[in-house]
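Structural characterization, general
Spelled out, the chains give:
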Amino acid sequence: MRNKVAYLLRPRRIALVRAAFSSADPAERGKLWIFAFLGLSFWIGIYAGVHLVLVYFNSVGEEGFGRLLAEKLLSMLFPTFFALTAFSAVVTTLSKLYLSRDLFLVHSYPVAHDKIFLARWMESVADSSWMILVYALPVFVSYGVVYRMGPFYYLNIFLVMAPFCVTACALAAVVVLLAAVVLPANRFRGILIFFGLGLFLLLYLGLRLVRPERLVDPEISASLISYMASMKAPARPWLPPTWAYDSMRETLEGRIGAALFNDALAFCGAALASFLAVGTASIVYFRGMSKAQESRVRNPGPLRPERWRKRRSFLLSGQVRAFVVKELKSFFRDSTQWPQIFLMAALVAIYIYNFKVLPLDKAPIKTVYLQNILSFLNMGLATFVLTALSARFVYPAVSMEKEAFWIVSAAPVSMAKVLWIKFFIYFPPMLILTEILVIVTNLLLKVTPFMMAVSTATVLCMVPAVIALGIGLGAAYPDFSAENPVQSVTSFGGLLFMILSAVFIGAVIVVEAGPVYYVARAGFSGRAVSLAEWVWLGGSFALVILLSALAVIWPMRFGVRRLAPA
């Protein structure tokens, strides 16, 4: 059994070794170094942030209150890590067991189905857990440094996290195996995405309803702190996050024997969950695999007259109309896109709600100043939201052509026109969404007409630049083998898109900050704006328009040059 499982895992091992030690492609090595640098920077940032928080907690030394806050923070981290690992494992295991393209080849081997499951599940454990392990490590290291722990503490991190991740992935595998018997894997994936987004929104709404901004209210801060200090509800002793938390807490307090006992509980739980997953797979995996191959029968619906379709798009030429119809149909026929639309609407509502509950009247800064400062910064926040949405919808627009891209290439339409069609399909809804975010939040903040005009005009210039960056870089670095849009976003091109978008947004904010501040301050103080300030303001807007034009033209041309030879 061990040899056959190792044989099934051999292609993955060879691919990892070649990716790590191959020196044939300098471009790939450059991408690897860029990713390593960004990952290390993020790792150091997490460590520094948690370290500052723990040092601040230690400064609150009244009756061990700082220690209590640190322990509460640690107790919140483990359920969060467990939920993230389990959900990631559900998505990864579903893809590995039922949706991967090489399953027909793997199942043609003379190997039992339970051994195929075990090999695939081991791959999903690695894929689902590595990021949690890497970015949870700086959190635990921060605790060790602040509380000056010995070598056993750092060894115990791995004794805790290994069974912790295995248990989460094993329970996720059981859920996937049982669900695949009831529903085909393709349908279950759509339901899973919708459920995951709904769970995220419920958790976030629950956090917002607690209203953490009350911490800045001096009228209730004392009672809130007293409440937190008295909050000592016992944890569930039979949950895996509780074993992990208890082990780390006992280690921090110097009780090594109690920590090892909780480690033993965690390993026993991981072994039991793994046995349950393998046993379930031996019974139902083949049935779920057979159901996953069943083709879905689509209902094409009533045929619409060609004359009516042409009437809807009479302003478009035949070639452009054909591509526009294709893009819209491709988007709405993909059921995985529907939950994203609901998520987008929910994020807009949450974003606006955050501004509604800001306690501006209790801030130490004058309300009129704070309102307009937040309005100016809100331009950057809204365009960062636009960047995140563009990374999900706009950037993968070319990659989602997949194997059918040769049809687009063979069509009697230039590649530049194809990319501009995609640009104008995504530009109107993204512009409307971003302007809604800016205008509604400005109304809630009750900003001056000058700030309302500045923010709406600036966003009008920035939105096409972000959309063009997404389309152009998505065309320059396409991933036609990606099974879903998320895979194409996590590539080098997706990372480059987000970096350049952030640089562009930051540049616009910096260019406008000085003149907008002086003109707004003149309005607050009641004095007239000088000619030099108006010239400065006009020059900054001209520079923003120039930056936006360059951010539209350059990526689109770059994408055409890179994509045309394909």
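A short tour of the structure in this document, coming up. (Residues numbered from 1 in each chain as written. Predicted model: local features only at pLDDT ≥ 70, side-chain atom pairs only at ≥ 80, totals over all residues. Heavy atoms only, no water.)

Some words on the pattern of salt bridges
All told, the structure shown has six salt bridges when counted by the stated rule. Between lysine 96 and aspartate 127 there is a salt bridge, with the nearest N and O atoms lying 3.3 Å from each other. Taken together, the positions of lysine 96 in helix α3 (residues 65-99) and aspartate 127 in helix α5 (residues 113-146) put the pair 31 residues apart, joining distant regions of the chain. According to the relative accessible area criterion, aspartate 127 is partly exposed, its value standing at 24%. Residue arginine 249 pairs with glutamate 250 through a salt bridge whose shortest N-O separation is 3.8 Å. Take arginine 249 and glutamate 250: they sit in the same class, and that class is buried. When salt bridges that share partners are traced, they join Asp246, Arg249, Glu250, Glu253 and Arg255 into one network. (Salt bridge = Lys/Arg side-chain N within 4 Å of Asp/Glu carboxyl O. Helix = DSSP H or I, 4+ residues; strand = E, 2+ residues; numbered from the N terminus. Buried < 20%, exposed > 50% of the residue type's maximum accessible area, 1.4 Å probe, protein only.)

Some remarks on the packing of aromatic side chains
In total, this model carries 16 aromatic pairs according to the counting rule given. Relative to tyrosine 147, the ring of tyrosine 143 has its centre 6.2 Å away and its plane inclined at 25°; by these criteria the two rings are stacked. In this pair, the class of tyrosine 143 matches that of tyrosine 147, namely buried. One aromatic cluster is present, built from ring pairs that chain together Phe78, Phe81, Phe82, Phe140 and Phe164. Cation over ring: arginine 562 sits above tyrosine 477, and NZ or CZ is 4.7 Å from the ring centre. (Phe/Tyr/Trp six-rings, centres within 6.5 Å; stacked < 30°, edge-to-face > 60°. Lys NZ or Arg CZ within 6 Å of the ring centre and 35° of its normal.)

Some details on the nonpolar core
With 64 residues, the main nonpolar core has Tyr426, Met430, Val463, Ile467 and Ile471 as its most contacted residues. At the level of elements, α12 (318-333), α14 (367-393), α15 (405-410), α16 (415-445), α17 (449-476), α19 (492-525) and α20 (531-563) are the ones that each hand at least two residues to this core. It is α17 that provides the largest number of residues to this core, a total of 15 residues. Counting 32 residues, the second largest nonpolar core, distinct from the first, contains Ala89, Tyr98, Ile116 and Trp121. (Core = buried A, V, L, I, M, F, W, Y, C linked by side-chain atoms within 4.5 Å.)

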